[in-house]
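# Structure at a glance
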Amino acid sequence: MDLAEALDQYLGYLAIERGSSRNTVASYGRDLRRYIDYLGEKNITSPDDVTRLDIEAHLAGLTDAGLAASSVQRAASAIKGFHKFMVGEQITQNHPSAGLPLPKRPERLPQVLSREQVFSLLDDPFRPELEPSPRVLASGRVDARPQAAFHRDKAILEVLYGCGLRVSELCGLDRRDVMLEDEVLRVMGKGSKERVVPILGTAKRALATYLRDWRPVLANATRSGDAVFLNERGGRITRQAVHRMVERYGAIVGIKGLHPHTLRHTYATHMLEGGMDLRYVQELLGHASISTTQLYTHIDLTHVRMVYLEAHPRAREGGGEGRAGRGGTSSGDAAGDPSWEDVRVGRTPTGGTASHHGHARG
């Protein structure tokens with residue numbers, strides 16, 4: 001069996017037996033076809049003939065071609081998985097990727113919006129006076145789809161930030177996944193893993209308004225199915241369309257190059273700032289590993305510095321501020337002032353606990 005035939009079997013294994021998402025299968029397919037093309041240029045078509053040097057040279061070529069470190073790392077993972085599969089299925093005994101280390105990915109802190117930027121993004125472009133008017137078609141029929149798209153876009157932005165969804169998760173939502181009475185969404189995440197996330201405040205209201213009043217305007221009897229978010233032709237909205245839409249609204253409020261994933265990063269950061277425990281944030285984001293979620297604990301140093309200044313009795317210059325006299329209480333320990341532990345768990349000065357949905361705009 002040659003490499004191309006083995007690849008078809010491997011992609012089928014990923015999709016059916018591993019339950020990998022369509023996006024994952026498509027990405028691995030692109031990476032591995034590029035790998036097989038590279039080997040083909042060296043007249044290597046059999047899995048028996050591939051060497052460790054061939055793999056390393058291919059990955060080095062990807063880096064030299066300017067691919068992002070994350071893309072090279074994904075390609076390496078795909079290659080390792082492919083060769084492991086071929087050995088496991090006894091297609092070959094050659095395992096050139098055994099022990100191959102994954103290329104190191106530089107740790108890059110994600111972009112996070114401030115609360116003011118979020119409120120501007122979710123409110124300013126959607127003021128009532130900016131709502132488009134219906135179009136009158138040549139036939140005399142009134143077309144309200146521009147208005148429907150306006151309210152759909154509002155709902156999409158609110159849900160991306162209000163629920164911390166990935167774009168693929170948002171586009172994959174069906175109406176049966178929306179349980180507004182219970183204030184939750186059922187989300188199908190990576191690896192077809194299902195989770196339930198809360199939807200509250202303005203996100204809930206924007207989605208309810210869209211579903212009740214404006215989705216029917218966009219719906220098409222033959223194309224819409226059960227999809228929540230529709231394009232103006234009535235089909236399920238695509239990831240690419242959401243990317244373009246988010247970038248457009250970001251530009252309107254002065255945020256250049258805004259990416260939908262930035263709203264997910266911002267959701268996680270604001271929840272941690274509001275006092276939510278890291279494990280809960282991990283569950284809401286659908287992260288398999290807590291180490292992925294921990295990235296967000298390093299983001300907002302301004303917030304950490306503010307808490308430190310408030311909590312530590314000698315943090316300010318001079319060291320004397322907040323002193324209540326010998327044997328007295330520092331300002332950080334004064335009645336009514338939260339300690340670091342209070343802030344971390346979201347406890348209020350009165351002894352209660354702050355809402356973990358502090359960013360859910362009322």
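Here goes a summary of the coordinates provided. Predicted, not measured: the structure shown is a model, and the values here were computed from it. (Residues numbered from 1 in each chain as written. Predicted model: local features only at pLDDT ≥ 70, side-chain atom pairs only at ≥ 80, totals over all residues. Heavy atoms only, no water.)

## Some thoughts on the nonpolar core
- Core analysis: the largest hydrophobic core is formed by 52 residues, its most contacted members being L185, L207 and F229.
- Among the secondary structure elements, those contributing two or more residues to this core are α5 (115-123), α6 (145-163), α7 (167-171), β4 (184-188), α8 (201-218), α9 (239-252), α10 (260-273) and α11 (278-285).
- The element best represented in this core is α6, accounting for nine residues.
- If near-sequence neighbours (up to four positions away) are discounted, L185 is found in contact with V159, C163, L165, L173, D177, V178, R195, V196, V197, I199 and L207.
- Counting residues in each nonpolar core, the second largest holds 27 residues, with L11, Y35, A75 and I91 among its members. (Core = buried A, V, L, I, M, F, W, Y, C linked by side-chain atoms within 4.5 Å. Buried < 20%, exposed > 50% of the residue type's maximum accessible area, 1.4 Å probe, protein only. Helix = DSSP H or I, 4+ residues; strand = E, 2+ residues; numbered from the N terminus. Contact = heavy atoms within 4.5 Å.)

## What about unusual backbone geometry?
- We note that N43 has phi near 60 degrees; this positive angle belongs to a residue other than glycine.
- One can find N43 in the loop between α2 (22-41) and α3 (52-64).
- Residue class for N43 comes out exposed when judged on its relative accessible area of 71%.
- Even without glycine at this site, E183 takes up a positive phi of about 60 degrees.

## Re the packing of aromatic side chains
- Overall, the coordinates contain seven aromatic pairs when judged by the stated rule.
- Relative to Y13, the ring of Y10 lies with its centre 6.2 Å away and its plane at 25 degrees, an arrangement referred to as stacked. With a gap of three residues between them, Y10 and Y13 both fall in helix α1 (residues 3-17), about one helical turn apart.
- According to the relative accessible area criterion, Y10 is buried, its value standing at 4%.
- Assessed through its relative accessible area of 23%, Y13 is described here as partly exposed.
- By way of ring pairs, the aromatic residues Y10, Y13, F82 and F85 are connected into one cluster. (Phe/Tyr/Trp six-rings, centres within 6.5 Å; stacked < 30°, edge-to-face > 60°.)

## Observations concerning the pairing of β4
- In terms of strand pairing, strand β3 (residues 178-179) meets β4 through two bridges, oriented antiparallel. Pairing of M179 across the sheet is with V184, part of β4.
- Between β3 and the antiparallel strand that follows it, β4, lie four residues; E183 among them carries a positive phi value of about 60 degrees.
- As paired strands, β4 and strand β5 (residues 194-198) are joined by five bridges and run antiparallel to one another. Bridge pairing in β5 links V184 to P198. (Pairing = 2+ DSSP bridges.)

## Details of the packing of α6 against α8
- In contact at an axis separation of 8 Å, α6 and α8 are set at 150 degrees when each is read in the N-to-C sense. Taken together, the axis directions place α6 and α8 in an arrangement best described as roughly antiparallel. The chirality of how α6 crosses α8 is left-handed. The segment α6 lies against α8, with R145, Q147, A148, H151, R152, K154, A155, E158, V159 and G162 engaging T202, A203, A206, L207, Y210, W214, V217 and L218.
- Here the residues of the contact of α6 with α8 are counted per class, giving 10 nonpolar, four polar and four charged. (Axes fitted to C-alpha atoms, helices over the stretch in contact; angles between N-to-C directions. Parallel < 35°, antiparallel > 145°, perpendicular 65-115°, else oblique. Left-handed = near helix turned anticlockwise from the far one by under 90°. Nonpolar A, V, L, I, M, F, W, Y, C, P; charged D, E, K, R; others polar.)

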